[in-house]
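Commentary on secondary and tertiary structure
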Amino acid sequence: MDTRPILFFDSGVGGLSIVGPARAALPDAPFVYAADSAGFPYGTKSEAEIAARVPVLLGRLAERYRPRLIVIACNTASTIALPVVRAALDLPVVGTVPAIKPAALLSKTRTIGVLGTEATVRQAYVDDLAAKFAGDCTVLRYGSAALVEMAEAKLHGRVVAPERYAAVLDGLFSQPGGGAIDMIVNACTHFPLVEAELAAAAPGVRFVDGGPGIARRIVHLMQGESWSGAGEATAVFTRLGDEERALGPALAAHGFGGIEQL
């Protein structure tokens, strides 16, 4: 039987927001979730650091787990390292990009916010997406490393004050024209994990992310594949200490029973 898994990769646990829709679409597929905890967070690192680190790690992960498909469940890593990874690995690699297209389709005010890491929102790739899919919209961006940490804190079971979410969103709303924003793109996979908190801080604003679209892409690429088990799932960290072990309950809630170190 073919036991090769689908492998999801992120700097931390944000990629779990991508795992959810994918698991719903392919409940019998074995999954491996890999978090580069030793390199976390990516959003404050330079492009050169990420471009050098991610392909090497994915090469090691591909050798160890022999996945049939890799999902880079991290917007920052995708926008910087995806072409290099695809060139280096002889298997399908799916990236994660900001969901600007669906936001533009849904916006009534034609003003969209893109909320991501600092590394993601400054990428030319975001310029290209905005020009291609939201040419008639005002697209405002804001990068927040704090919100990544807040999402990780939530999964660790720590309480985050509601006003901290409002302060992050103010980075968008306080910009010229920001008061007209009616759609916000969660352009970091961590952010859908705290979408309820963000929505509470911004009544009347809708949030979109790339999770459902990525799940559809995975299903398309895996057409005709057979699965050997009932959705076995393993999590692996590049550093496995007390902080990572404390994520056990959150990982178990997403179906990941075992934790390993790369």
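Overview of the structure. (Residues numbered from 1 in each chain as written. Predicted model: local features only at pLDDT ≥ 70, side-chain atom pairs only at ≥ 80, totals over all residues. Heavy atoms only, no water.)

The subject of this paragraph is the overall build of the protein chain. Along its length, the protein chain carries 12 helices and 10 strands. In terms of overall size, the protein chain behaves like a compact globule, its C-alpha atoms giving a radius of gyration of 18 Å where 262 residues would be expected to give roughly 18 Å. Seen through its principal axes, the protein chain has C-alpha atoms that stretch 55 × 40 × 35 Å. By residue count, 55% of the 262 residues in the protein chain fall in the buried class. Taking the intrachain contacts of the protein chain between residues at least 6 apart in sequence as the baseline, contacts between residues at least 24 apart amount to 74%. Total accessible area computed for the protein chain in this model is approximately 11000 Å², and 53% of it derives from carbon and sulfur atoms. Averaging the positions of the 23 positive and the 26 negative side-chain charges in the protein chain gives two centres separated by 4 Å. (Helix = DSSP H or I, 4+ residues; strand = E, 2+ residues; numbered from the N terminus. Rg over C-alpha atoms; globule rule 2.2 N^0.38 Å. Buried < 20%, exposed > 50% of the residue type's maximum accessible area, 1.4 Å probe, protein only. Contact = heavy atoms within 4.5 Å. Areas by Shrake-Rupley, 256 points an atom, 1.4 Å probe, with all protein chains shown as cover. Lys, Arg positive; Asp, Glu negative; His and termini not counted. Charge placed at Lys NZ, Arg CZ, Asp CG, Glu CD.)

This part takes up the sheet that holds strand 6 (residues 138–143). Strand order in the open sheet formed by four strands is 6-5-7-8, with parallel pairing between adjacent strands. Only two strands of the sheet have a single neighbouring strand rather than two, namely strand 6 and strand 8 (206–208). Adjacent strand axes in the sheet meet at a mean angle of 25 degrees, parallel and antiparallel pairs treated alike. With three bridges joining them, strand 7 (residues 183–186) and strand 8 adopt parallel strand pairing. Pairing of I184 across the sheet is with F207, part of strand 8. (Pairing = 2+ DSSP bridges. Axes fitted to C-alpha atoms, helices over the stretch in contact; angles between N-to-C directions.)

With that settled, the discussion passes to the pairing of strand 5 (residues 111–116). With six of six residues buried, strand 5 lies mostly within the body of the structure. Burial along strand 5 is two-sided: T111, G113 and L115 and I112, V114 and G116, pointing in opposite directions, are all buried. Sheet analysis places strand 5 next to strand 6, joined by six bridges and oriented parallel. Paired with L115 across the two strands is Y142, which belongs to strand 6.

Following the sequence through the fold, V139 ends up in strand 6. Ignoring sequence-local partners within four residues, the contact set of V139 consists of I112, V114, A130 and A134.

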